[in-house]
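Descriptive structure summary
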Amino acid sequence: MKKFLCLLALSLMIGTTTLQAQDNYTTAIGLGIDFGEGSTLVGPSVKHFFSANHAAIAEVTFGDDLTAISAIWNYNDGIPNAESLKWFAGIGPQIVLFDGGSDFFLRPTAGLDFKIPDVPLSITFDWRPAIFLGNADGADTFTPGRFGLGFRYCLN
């Protein structure tokens, strides 16, 4: 885990490229899938860029009698010689509602965003482990095997 965090921090500090205007979008809406260890959750997803590098993803996903509400801020940047591909990393809260209660999680993310050239479609894939914040009572406090997949229509 320490090696991964060091690699992630190093990736954030390494030189970056300027984003290309034809590959940018400001807002995209579509389908978000949160899968891996545990329940698979599916629902609407929105990604909005506040600046060239700063964006937020909001999702409301459903599955196995659960509803998860997520808001994840992330830093985005281009990848040299890959015009339509960007990497991103960030963190945000998630509230999971279920019959009889709710749980609160912290969701760090790291992944890739591919905007299909000349088509208003963005596809994202990310690693998003879940860190449970609360009284564990035998529950896992860290679930590393969680991933996200997004298919979004780019509005602008």
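See the structure above.
Presented here is a report on the structure given in the accompanying data block. Keep in mind the model is a prediction, meaning the values are calculated, not measured.

Definitions and limits used
- Residues numbered from 1 in each chain as written.
- Predicted model: local features only at pLDDT ≥ 70, side-chain atom pairs only at ≥ 80, totals over all residues.
- Heavy atoms only, no water.
- Helix = DSSP H or I, 4+ residues; strand = E, 2+ residues; numbered from the N terminus.
- Contact = heavy atoms within 4.5 Å.
- Areas by Shrake-Rupley, 256 points an atom, 1.4 Å probe, with all protein chains shown as cover.
- Buried < 20%, exposed > 50% of the residue type's maximum accessible area, 1.4 Å probe, protein only.
- Patch = residues over 30% accessible without salt bridge, like charges linked within 9 Å, V, L, I, M, F, W, Y side chains within 5 Å.
- Salt bridge = Lys/Arg side-chain N within 4 Å of Asp/Glu carboxyl O.
- Phe/Tyr/Trp six-rings, centres within 6.5 Å; stacked < 30°, edge-to-face > 60°.
- Lys NZ or Arg CZ within 6 Å of the ring centre and 35° of its normal.

**A short note on the overall build of the protein**
- Assigned secondary structure in the protein consists of 1 helix and 10 strands.
- Counting helices and strands in the order they occur from the N terminus, the protein gives α-β-β-β-β-β-β-β-β-β-β.
- Restricting to contacts in the protein with at least 6 residues of sequence separation, those with at least 24 account for 47%.
- Per element, the accessible surface of the protein, about 8,400 Å² overall, is 67% carbon and sulfur.

**Considerations on the environment of Trp73**
- If you trace the backbone, Trp73 turns up in strand 4 (residues 66–79).
- Looking at Trp73, the relative accessible area reads 40%, which means it is partly exposed.
- With 15 residues separating them in the primary sequence, Trp73 and Phe88 have C-alpha atoms 9.7 Å apart.

**A closer look at a nonpolar patch on the surface**
- Nonpolar side chains collect at one region of the surface, where Val60, Phe62, Ile69, Ile95, Leu97, Phe104 and Leu133 lie side by side and expose about 540 Å² of accessible area between them.
- With respect to the secondary-structure elements, Leu133 resides in strand 8 (residues 130–133).

**Some points on the packing of aromatic side chains**
- Counted under the stated rule, the structure contains 5 aromatic pairs.
- Ring centres of Tyr75 and Trp87 lie 5.8 Å apart, and the angle between their planes is 45 degrees; on these two criteria the pair is classed as tilted. Separated by 12 residues along the polypeptide, Tyr75 in strand 4 and Trp87 in strand 5 (residues 82–98) bring together distant segments of the chain.
- For Tyr75, a relative accessible area of 23% puts it in the partly exposed group.
- What makes Trp87 buried here is its relative accessible area of 15%.
- Through pairs of rings, three or more aromatic residues link up here, namely Phe35, Phe125 and Phe147.
- The side chain of Lys47 reaches across the aromatic face of Phe88, ending 4.6 Å from its centre.

**Focus: unusual backbone geometry**
- The phi angle at Asp64 is positive, at roughly 50 degrees, despite the residue not being glycine.
- Mapped onto the elements of the fold, Asp64 is located in the loop between strand 3 (54–63) and strand 4.
- The phi dihedral of Asp118 falls on the positive side, at around 60 degrees, and the residue is not glycine.
- Mapped onto the elements of the fold, Asp118 is located in the loop between strand 6 (101–115) and strand 7 (121–127).
- Given the relative accessible area of 81%, Asp118 is considered exposed.

Distances and angles like these do not, on their own, reveal function.
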